[in-house]
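An overview of the molecular structure
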Amino acid sequence: MMALICTVTLNPALDKILIVDEIRPGENNRLSNIETDVGGKGTHVSAVLSDLGVDNVATGILGGSTGRKLQRLLMDRGVACDFVWKQDYETRTSYIVIEFRYHRHFMLTEKGAEVDGETVDRLKAKVKELSHKCEYIVFSGGVCPGFDKSIYRELIEISNKNGVKSVLDASGEFLKEGIKSGPYMIKPNHDEFSQIMGKNMQDEREIAAHAKQLLGSGIRVVAVTLDRRGCIIVTKEQSWRIYPPDIHAVNTVGCGDVFLAAALKKIADKNSLDESFIFATALSATKAMQIKTSKFDLKKAQELIKKIKIEEWT
Ligand code: TA6
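The text that follows walks through the structure, step by step, so that each part is easy to find. (Residues numbered from 1 in each chain as written. Predicted model: local features only at pLDDT ≥ 70, side-chain atom pairs only at ≥ 80, totals over all residues. Heavy atoms only, no water.)

Points about the overall build of the chain
Check the secondary structure of the chain and you find 10 helices and 15 strands. Computed over C-alpha atoms, the radius of gyration of the chain comes to 19 Å, within 12% of the 20 Å expected from 2.2 N^0.38 for 314 residues, which places it in the range of a compact globule. Based on the C-alpha atoms only, the size of the chain along its principal axes is roughly 55 × 45 × 35 Å. In the chain, which comprises 314 residues, the proportion classed as buried is 55%. Averaging the locations of the 44 positively and 42 negatively charged side chains of the chain gives two centres separated by 2 Å. (Helix = DSSP H or I, 4+ residues; strand = E, 2+ residues; numbered from the N terminus. Rg over C-alpha atoms; globule rule 2.2 N^0.38 Å. Buried < 20%, exposed > 50% of the residue type's maximum accessible area, 1.4 Å probe, protein only. Lys, Arg positive; Asp, Glu negative; His and termini not counted. Charge placed at Lys NZ, Arg CZ, Asp CG, Glu CD.)

So, in structure tokens, the structure goes:
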């Protein structure tokens, strides 16, 4: 099978969204509703890609009944699943608490069960196999215990050898190491970017200038997301500052994954980078208006596109 995009999630999750009116310490806080959704970044990107009509395949490590539930949710969304299954292993659950009254939400994530060397090797072999069959490969999300900090670097090296364009969305040491092998695109948020640069930059022009320095190492696109303030996109030839529309956010968990999936869809369809990231900004804004972590509103995004401001920076 030939898929346009492959996603790799080293520590997938099932998202449980717990909705409560108000959290009162020391009291019995009764939930008004519980929703379940695909979680765990790369898997999340896959679900969004499928909803956008993009043929894609998801891999990573899964196990146990939570793993089976997650795979079911992905398949129901139209994602082709080709996971490495591990015995005596349970895929983790992520909890997102939405406190309605104060428009606040909290994400609580498990660190995930430990993987062994044999599973890591099977995963590397799977990435090698899939990287022959797709155009883009997305490595996204946190890593469970048992992986070396060089894992993304190694997986990107495997992908680069097979000529597939890799995209990295990770943090800390894993991101720092990963960028050494020159992925096509990285999408750090402001905190992650500060971590890799070893400096907390507030000035947006300074962020763009530092992002440009990363381009020398084989990276073609750096997309720094600034939460509710939009994003900065840097390439060798051009840079842009994109400002999002004003919206009423109920749950911003998952916005980064919708942003990445939307941008990739447009890039893969050969749209220009500025157009691709404007669409990504609009679609992720519509995600923030939904309770579920991987839902968005395509029709609303078309309206919001008109409200997005973009500046070209030299
Ligand atoms: O970006 C949102 C999300 O994908 C949630 O759905 C949640 O499961 C979490 O991130 C996992 O992030 P992590 O960095 O722990 O892999």
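Some remarks on a nonpolar patch on the surface
A surface patch of nonpolar side chains, amounting to about 320 Å² of accessible area, comprises Ile 23, Tyr 95, Phe 106 and Leu 108. Of the residues examined, Ile 23 reaches a relative accessible area of 34% and is grouped as partly exposed. (Patch = residues over 30% accessible without salt bridge, like charges linked within 9 Å, V, L, I, M, F, W, Y side chains within 5 Å. Areas by Shrake-Rupley, 256 points an atom, 1.4 Å probe, with all protein chains shown as cover. Salt bridge = Lys/Arg side-chain N within 4 Å of Asp/Glu carboxyl O.)

Focus: helix α8 (residues 255-268)
Spacing of three or four residues puts side chains on the same side of an α-helix, whose turn is 3.6 residues. Here α8 is 14 residues long and its end C-alpha atoms lie 20 Å apart, about the 20 Å a rise of 1.5 Å per residue gives. The buried fraction of α8 amounts to 12 of the 14 residues, a majority that puts the element mostly inside the structure. Every buried residue belonging to α8 is among Cys 255, Asp 257, Val 258, Phe 259, Leu 260, Ala 261, Ala 262, Ala 263, Leu 264, Lys 265, Ile 267 and Ala 268, and all of these are buried. Lys 270, located one to two residues past α8, shows a positive phi value of around 70°. (Expected span 1.5 Å × (residues − 1).)

Concerning the site of the ligand
In the vicinity of the ligand lie 14 residues, with Asp 15, Gly 40, Arg 92, Gly 142 and Asp 257 positioned nearest. Gly 40 places a main-chain nitrogen or oxygen 2.9 Å from an oxygen atom of the ligand. In this structure, an oxygen atom belonging to the ligand sits 2.9 Å away from a main-chain N or O atom of Lys 41. Look at the ligand: alone it shows 400 Å² of surface, and the protein chains cover 88% of it. (Near = heavy atom within 4 Å. Polar contact = N/O pair within 3.5 Å; in protein donor to acceptor, adjacent residues only side chain to side chain.)

Describing unusual backbone geometry
The phi dihedral of Asp 88 is positive, around 50°, even though this residue is not glycine. Checked against the element boundaries, Asp 88 lands in the loop between β6 (84-85) and β7 (92-99). Here Asp 88 falls in the exposed class, since its relative accessible area comes to 82%. Located in the positive-phi region is His 103, a residue other than glycine, with phi close to 50°. Inspection of the secondary structure assignment puts His 103 in the loop between β7 and β8 (104-109).

Re the environment of Ile 305
Its location among the elements puts Ile 305 in helix α10 (residues 298-305). Judged by relative accessible area, Ile 305 falls into the partly exposed class, the value being 27%. In this structure the C-alpha to C-alpha distance between Ile 305 and Phe 279, which are 26 residues apart in sequence, comes to 6.6 Å. Those residues in contact with Ile 305, other than ones at most four positions away along the chain, are Ile 278, Phe 279 and Ala 282. (Contact = heavy atoms within 4.5 Å.)

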